[in-house]
Amino acid sequence: MSSQTFVSALWMLGSVASFCLMAIAGRVVSPALDTFEIMLYRSLTGVVVVLGLAVATGRMGQVSLRHMPLQIVRNLAHFTGQNLWFLAITIAPLAQVFAVEFTSPIWVLLLAPLVLGERVRGAQIVVAVAGFAGVLIVAQPFSGTVSIGLLYVGIAAVFFAIANLLTRRLTRTVTVTGILFWLTSLQLLFGLVAAGWDGDIAVPDESLVAWVVAIGLAGLCAHWCLTNALRLAPASTIM
């Protein structure tokens, strides 16, 4: 294993830990907020943090309008997947949700040659097949008690794969700061439109504010780790 691959693996461990925290916090707030509202407040927290850090470190100059069509498509894919994911964790066991979510690497293996021109190695296919066997053991799709939430997270896994492939493509020419700025800003806009479509956006009460902020911080940290990992190694290896 090269040093870059090892470092990228450490980044991915940070990403997985952050997603776990986000799942727990998302389940706590789900009785009071719908998925669009959760995404709205998550993105609002992210925008505040990213802007604050970018200004403090003098990196606002790294934010530009280059590759905006790709940024928009990438964030629409992630926004769709993340909403389905938040919906899934409210109605299915977390262990099953995370198991099915890890079908995403299979989609990355299938799409990486087409989207990124990456070569998929035989060892990666073997690991993906073993991982899929693990998914079947945990999710038990043939047990007759499959939650509709697993269907939601299965679809989310496809959108996550697309988002991660496009993230890898963006890292070739865009900095982490630029990617995270448009991640939070565009998804704040998407969340505002989706949550406000019915003219009623719920405001979290005092008991939930900390959990809502935790979702935003965990989500931002997860994508910071993931983007750094994708910057260092091929998407098929990272996933």
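The rules behind these values
Residues numbered from 1 in each chain as written. Predicted model: local features only at pLDDT ≥ 70, side-chain atom pairs only at ≥ 80, totals over all residues. Heavy atoms only, no water. Helix = DSSP H or I, 4+ residues; strand = E, 2+ residues; numbered from the N terminus. Rg over C-alpha atoms; globule rule 2.2 N^0.38 Å. Buried < 20%, exposed > 50% of the residue type's maximum accessible area, 1.4 Å probe, protein only. Contact = heavy atoms within 4.5 Å. Areas by Shrake-Rupley, 256 points an atom, 1.4 Å probe, with all protein chains shown as cover. Patch = residues over 30% accessible without salt bridge, like charges linked within 9 Å, V, L, I, M, F, W, Y side chains within 5 Å. Salt bridge = Lys/Arg side-chain N within 4 Å of Asp/Glu carboxyl O. Phe/Tyr/Trp six-rings, centres within 6.5 Å; stacked < 30°, edge-to-face > 60°. Arc of directions from axis to C-beta. Core = buried A, V, L, I, M, F, W, Y, C linked by side-chain atoms within 4.5 Å.

Glancing now at the overall build of the protein. A count of helical and extended segments in the protein gives 10 helices and zero strands. Secondary structure elements in the protein, listed N-terminal to C-terminal, are α-α-α-α-α-α-α-α-α-α. In terms of overall dimensions, the protein is globule-like: its C-alpha atoms have a radius of gyration of 18 Å, near the 18 Å expected for 239 residues. With respect to the three principal axes, the spread of C-alpha positions in the protein is 50 × 50 × 30 Å. Considering the protein as a whole, with its 239 residues, one finds that 47% of them fall into the buried category. For the protein, long-range pairs separated by at least 24 residues make up 90% of all intrachain contacts whose partners lie at least 6 apart in sequence. Just so you have it, the protein exposes about 11300 Å², and 72% of that area is on carbon and sulfur atoms.

Attention now goes to the environment of Leu40. Structurally, the position occupied by Leu40 is in helix H2 (residues 35-56). Sequence separation between Leu40 and Leu111 is 71 residues; the distance between their C-alpha atoms is 29 Å. Setting aside chain neighbours within four positions, we find Leu40 in contact with Leu188, Gly191, Leu192, Ala195 and Ile201.

There is a patch of nonpolar side chains on the surface, built from Leu87, Ile91, Ile148, Leu151 and Ile155 and spanning about 390 Å² of accessible area. Elements represented by at least two residues in the nonpolar patch include exactly helix H3 (68-91) and helix H7 (148-170). Here the nonpolar patch gets three residues from one element, more than from any other, and that element is H7.

This paragraph deals with the packing of aromatic side chains. Taken as a whole and judged by the stated rule, the model has six aromatic pairs. Seen from their ring centres, Trp85 and Phe98 are 6.1 Å apart, and the 85° between their planes marks the pair as edge-to-face. Of this pair, Trp85 sits in helix H3 while Phe98 sits in helix H4 (residues 94-101); the two residues are 13 residues apart in sequence, bridging distant segments of the chain. Looking at Phe98, the relative accessible area reads 14%, which means it is buried. Taken together, the aromatic side chains of Phe36, Phe79 and Phe190 make up a single cluster linked through ring pairs.

Here we come to unusual backbone geometry. In the Ramachandran plot, His67 falls in the positive-phi region, its phi being about 60° despite a non-glycine side chain. Checked against the element boundaries, His67 lands in the loop between H2 and H3. His67 sits in the partly exposed class, given a relative accessible area of 31%.

Time to look at the side chain of Asn164. Mapped onto the fold, Asn164 is located in helix H7. Excluding residues within four positions of it along the chain, Asn164 makes contact with Leu226, Leu230 and Met239.

Among all positions of helix H5 (residues 104-115), only Ser104, Pro105, Val108, Leu109 and Ala112 are buried. Each buried residue of H5 sits inside an arc of 145° when the element is viewed along its axis, so together they form one side. Away from its buried face, by an angle of more than 90 degrees, H5 presents the exposed residues Leu110 and Leu114. Looking one or two residues past H5, Gly117 carries a phi angle of roughly 70°, positive in sign.

Moving on, we get to the environment of Gly191. By the element assignment, Gly191 lies in helix H8 (residues 176-195). Looking at Gly191, the relative accessible area reads 0%, which means it is buried. Placed 28 residues apart in sequence, Gly191 and Ala163 show a C-alpha to C-alpha distance of 17 Å. Not counting the four nearest positions on each side in its chain, Gly191 is found in contact with Phe36, Leu40, Phe79 and Gly196.

We now examine the nonpolar core. Within the largest apolar cluster, 40 residues are counted, with the highest numbers of intra-cluster contacts made by Met22, Val29, Trp85, Phe86, Val97, Val153 and Ile215. If you list the elements that add at least two residues to this core, you get helix H1 (3-29), H2, H3, H4, H7, H8 and helix H9 (206-232). Ignoring any residue separated from it by four or fewer positions in sequence, one finds Met22 in contact with Arg42, Gln82, Trp85, Phe86, Ile215, Ala218 and Gly219. Counting 12 residues, the second-largest nonpolar core is a separate cluster that includes Met12, Ala112, Leu165 and Ala229.

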